[in-house]
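The primary structure of each chain is shown beneath.
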Amino acid sequence: MLRAELARPDEFARLLGAEVAAPWPPPLNDEQSNRWMIRLLEEDPGNGNWGMWYFLLREGPTGGPLAIGNGGYKGKPSADGTVEIGYSVVEEYQRKGLATEGARALIDRAFRDPTVTRVIAETFPDLAPSIRVLEKNGFVRIEGGSEPGVIRFELRRP
């Protein structure tokens, strides 16, 4: 699916069984992030369930399913039980609670794995809607970030 997303939009939509919202891909997703996920899965096919997922509305404007975003994990849980999530929704469908719902589904799925003790996520300090998605899902800001200018949040297992 990731390869089709890069090069064959019609095949991507067919594989999803859904129309794809335009413009695609969602913000902060690009060819580089797509290729990063492909490498993650090629290096360890066991990452499949800990990779990328697509967010679909059951009923889009034409009545059928519509891909409106994506999200997922940056690989399997670490030795200390940490897993990182990311998410994005196309602009037209932002500020409707859909990113919050998508992130919640990723969190719930992660915590169904007994080895997961915490979920982390990173964003930029100027992305107030993204920060709000994390806060609505119970995340708190912590120190650190994977690169300069990035802020990190965590949610520990209840």
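Before any of the text, the structure's been laid out above.
These notes cover the structure that comes with them. Keep in mind that this is a model prediction, so the values were computed, not measured. (Residues numbered from 1 in each chain as written. Predicted model: local features only at pLDDT ≥ 70, side-chain atom pairs only at ≥ 80, totals over all residues. Heavy atoms only, no water.)

### Re the nonpolar core
Okay, so step 1: Of all hydrophobic cores here, the largest spans 41 residues; its most connected members are Ile68, Ile85, Tyr87, Tyr93, Val119 and Phe139.
Okay, so step 2: For this core, the leading source of residues is helix α4 (residues 98–111), giving seven residues.
Okay, so step 3: Once you skip the residues sitting within four places of it in the chain, Tyr93 turns out to touch Ala21, Leu57, Pro61, Leu66, Ile68 and Leu98. (Core = buried A, V, L, I, M, F, W, Y, C linked by side-chain atoms within 4.5 Å. Buried < 20%, exposed > 50% of the residue type's maximum accessible area, 1.4 Å probe, protein only. Helix = DSSP H or I, 4+ residues; strand = E, 2+ residues; numbered from the N terminus. Contact = heavy atoms within 4.5 Å.)

### Some thoughts on unusual backbone geometry
Okay, so step 1: Put simply, Ala22 and Pro23 share a cis peptide bond, and its omega is -5°.
Okay, so step 2: One can find Pro23 in the loop between β1 (19–20) and α3 (31–43).
Okay, so step 3: In this model, Trp24 is joined to Pro25 through a cis peptide bond whose omega is 5°.
Okay, so step 4: The topology assignment puts Pro25 in the loop between β1 and α3.
Okay, so step 5: Even without being a glycine, Leu28 presents a positive backbone phi close to 65°.
Okay, so step 6: Even without a glycine there, the phi angle at Arg95 is positive, about 60°.
Okay, so step 7: Its place among the elements puts Arg95 in the loop between β4 (82–89) and α4.
Okay, so step 8: A residue is classified by how much of its surface remains accessible, and Arg95, at 72% relative accessible area, is exposed.

### Comments concerning the side chain of Asn70
Okay, so step 1: Mapping Asn70 onto the fold places it in strand β3 (residues 66–73).
Okay, so step 2: A polar contact of 3.2 Å, which involves the side chain of Asn70, links it to the side chain of Asn29.
Okay, so step 3: Discounting chain neighbours no more than four positions away, the residues touching Asn70 are Glu5, Trp24, Pro26, Asn29, Met52, Trp53, Tyr54, Phe55, Tyr87 and Ser88. (Polar contact = N/O pair within 3.5 Å; in protein donor to acceptor, adjacent residues only side chain to side chain.)

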